[in-house]
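# Observations on chain architecture
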Amino acid sequence: MEKQDTKNLKKRYLIWFYKTTKEAFDRIERKFTQSEVDRFILKELENASFDNKNIDKYIQEFEDYIENKEKDGVSLKYEKGKLKPEYSFLEEKLKAIEKAIVKELGESALKEIKSLYEREMTERILRSTEH
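Heads up: these notes are all about the structure in this document. Per chain, residues are indexed from 1 in the order of the written sequence. Local features in this predicted model are restricted to residues of pLDDT 70 or higher, and side-chain atom pairs are both shown and tallied only at a pLDDT of 80 or more, whereas totals for entire chains, interfaces and linings draw on every residue. Calculated side-chain values reflect all of the structure's heavy atoms, with hydrogen atoms and water omitted.

## Structural notes on the pattern of salt bridges
- Salt bridges are defined by distance alone: a side-chain nitrogen of Lys or Arg within 4 Å of a carboxyl oxygen of Asp or Glu. Here the structure, examined in full by the defined rule, presents 15 salt bridges.
- A salt bridge links K19 to E23; its shortest N-O distance comes to 3.2 Å. Residue K19 and its partner E23 are located together in helix α1 (residues 3–47), separated by 4 residues, close to a single helical turn.
- Only protein chains enter the accessibility calculation, which uses a 1.4 Å probe; a residue whose area is less than 20% of its type maximum is buried, one above 50% is exposed, and one in between is partly exposed. Residue classification places K19 among the partly exposed residues on the basis of a relative accessible area of 28%.
- The buried category is assigned to E23, whose relative accessible area is 13%.
- Notably, a salt bridge pairs K103 with E104, separated by 3.1 Å at the nearest N-O pair.
- On the accessibility criterion, K103 (68% relative accessible area) is exposed.
- Overlapping salt bridges bring together K19, E23, E120, E123, R124 and R127 as one network. Numbering of helices and strands runs from the N terminus; a helix is a DSSP stretch of H or I covering at least four residues, while a strand is a stretch of E covering at least two.

Here is the structure:
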């Protein structure tokens, strides 16, 4: 096998490994980042002037949704006030994969892979037809 073929195989593997690990990590972390945004939106809605004053039910539903998301996030990340071993492992695994990418392919490849991942995740959201 030629040197370039070997490098290509490693690159594809590292991209796959980064993607799958980052997705698992993001499934937990997004609960917290989304909650920050949700709380801001909730405050804006609570301070908004609506023509129809019968929106309290919808604001309460949104607040309940936020609280459930926060509880879910905490249960995925923490156990008895400490980081869960699974979470810590995922975090360290992601760091190790990033180091492997830099070692095998260079710092610019890590930036490229991160950019590709973000583009793919954004495209998934924009393509989604679920409601």
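## A look at the packing of aromatic side chains
- Classification of ring pairs uses Phe, Tyr and Trp, with its six-membered ring standing for Trp, and accepts pairs whose centres are within 6.5 Å; under 30 degrees between planes counts as stacked, over 60 as edge-to-face, and the remaining range as tilted. Enumeration according to the criterion identifies 7 aromatic pairs in this entry.
- For the pair F25 and Y87, a centre-to-centre distance of 5.4 Å together with 25° between the ring planes defines the contact as stacked. Here the residue F25 occupies a position in helix α1, and Y87 occupies one in helix α3 (residues 85–105), the gap between them amounting to 62 residues.
- On the accessibility criterion, Y87 (3% relative accessible area) is buried.
- Taken together, Y13, W16 and F17 form an aromatic cluster joined through their ring pairs.
- Two limits define a charge over a ring: the Lys NZ or Arg CZ must be within 6 Å of the ring centre, and within 35 degrees of the ring normal. One cation-aromatic arrangement involves K77 over F32; the distance from NZ or CZ to the ring centre is 4.9 Å.

## Examining the nonpolar core
- By nonpolar core we mean a set of buried residues, namely Ala, Val, Leu, Ile, Met, Phe, Trp, Tyr and Cys, connected to one another through side-chain atoms within 4.5 Å. Y18, F25, L90, I101, L105 and I113 are the most contacted members of the largest nonpolar core, which has 16 residues in total.
- Secondary-structure elements contributing two or more residues to this core are α1, α3 and α4 (107–127).
- Looking at this core element by element, the count peaks at 6 residues for α3.
- Aside from chain neighbours lying at most four places away, what touches I113 is I15, Y18, I101 and L105. Whether two residues are in contact is decided by their heavy atoms, any of which lying within 4.5 Å being enough.

## Brief notes about a nonpolar patch on the surface
- Without a salt bridge and with relative accessible area above 30%, a residue can belong to a patch; like charges are then joined within 9 Å and nonpolar side chains (Val, Leu, Ile, Met, Phe, Trp, Tyr) within 5 Å. Values of accessible area rely on a 1.4 Å probe in the Shrake-Rupley scheme; residue burial ignores everything except the protein chains shown. A surface patch of nonpolar side chains, amounting to about 280 Å² of accessible area, comprises V37, F40 and I41.
- Take I41: it is sitting in helix α1.

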